[in-house]
Amino acid sequence: MKYEVLTYGNGALRTKSKTVEVVDEDIKALALDMLETMYAAAGVGLAAEQVGRDEAIFVVDILPAPDGHQYRERFTEDEIKMPLVAINPEIKERSGECIYKEGCLSFPGITANVTRPESVVLEYTDLEGKRQTLQLQGLLAEAIDHENDHLDGVLIVDRMSAVQKVMHKSKLKKLMRMNK
Ligand SMILES: [Zn+2]
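Residues numbered from 1 in each chain as written. Predicted model: local features only at pLDDT ≥ 70, side-chain atom pairs only at ≥ 80, totals over all residues.

### Structural notes on the nonpolar core
1) Next: The biggest cluster of nonpolar side chains holds 29 residues, and the ones touching the most others in it are F58 and V59.
2) Next: When residues of this core are traced back to their parent elements, those giving at least two are α1 (25-40), β1 (45-47), β2 (57-60), β5 (84-95), β8 (119-125) and α2 (138-151).
3) Next: No other element matches α1, which puts seven residues into this core.
4) Next: Sequence-distant contacts of V59, that is, excluding residues within four places in its chain, are made with A31, M34, L35, M38, G45, L46, P83, L84 and V85.
5) Next: Among the nonpolar cores identified, the runner-up in size contains eight residues, and Y8, L13, V114 and I156 belong to it. (Core = buried A, V, L, I, M, F, W, Y, C linked by C-beta atoms within 7 Å. Buried ≥ 20, exposed ≤ 12 C-beta atoms within 10 Å, placed from the backbone. Helix = DSSP H or I, 4+ residues; strand = E, 2+ residues; numbered from the N terminus. Contact = placed C-beta atoms within 7 Å.)

### A short note on α2
1) Next: Its 14 residues give α2 an end-to-end C-alpha distance of 21 Å, which sits within 8% of 20 Å, the value for a rise of 1.5 Å per residue.
2) Next: Buried within α2 are the following residues: L140, A141, E142, A143, I144, D145, H146, E147, N148, D149, H150 and L151.
3) Next: Downstream of α2 by one or two residues, G153 has phi in the positive range, about 75°. (Expected span 1.5 Å × (residues − 1).)

### Observations regarding the sheet that holds β1
1) Next: Within the open sheet, the five strands sit side by side as β1-β2-β5-β8-β9. Their pairing is antiparallel. Lying at the two open borders of the sheet, with one neighbouring strand each, are β1 and β9 (131-137). Here the strands of the sheet are splayed against their neighbours by 35° on average, with no regard to which way each runs.
2) Next: In this sheet, β9 lies alongside β8 in antiparallel orientation, the contact comprising seven bridges. When the sheet's bridge partners are listed, V120 is paired in β9 with L136.
3) Next: Across the sheet, α1 touches β1, β2 and β5, and the angle it forms with β2 is around 40°.
4) Next: Against the sheet, α2 touches β1, β2, β5, β8 and β9, its axis set at about 155° to β2. (Pairing = 2+ DSSP bridges. Axes fitted to C-alpha atoms, helices over the stretch in contact; angles between N-to-C directions.)

Here's what the structure looks like:
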């Protein structure tokens, strides 16, 4: 089932996520629906807040979307398994700094320069309910930092410089108005 992606101005995007107690069938179904939604919207990441849910879960996939937009295991050049479904994620370490031209499915039509870590150590629970640790670099580190922000109710607009905010002022206002 595909969800509608909520956009900037919707209050649900500002909620803080709640810890997932058990990885049961409902959580698995939510994760698969989030993947389907993300692939259909041609995004590389999606957090539960963006579909109006408050579970601490995000999905990331930096590879081209699979046929039919359904879950299919693939591997990146660094042999990281995609898609990454992170339940109760915690970023344990951040190192380096990179500026990325970033977009967000909740900010259609806007890309902004955002500073992100060059690499992160991510701890999370997978769909089997097992705790995992991954060291991630580059685009994956950026995506994970971005999605992790969503679970804290933090959005790219909070990470933009004053100049960027002025640049995108009218588009941001328009999105806000759409959600009134
Ligand atoms: Zn986002």
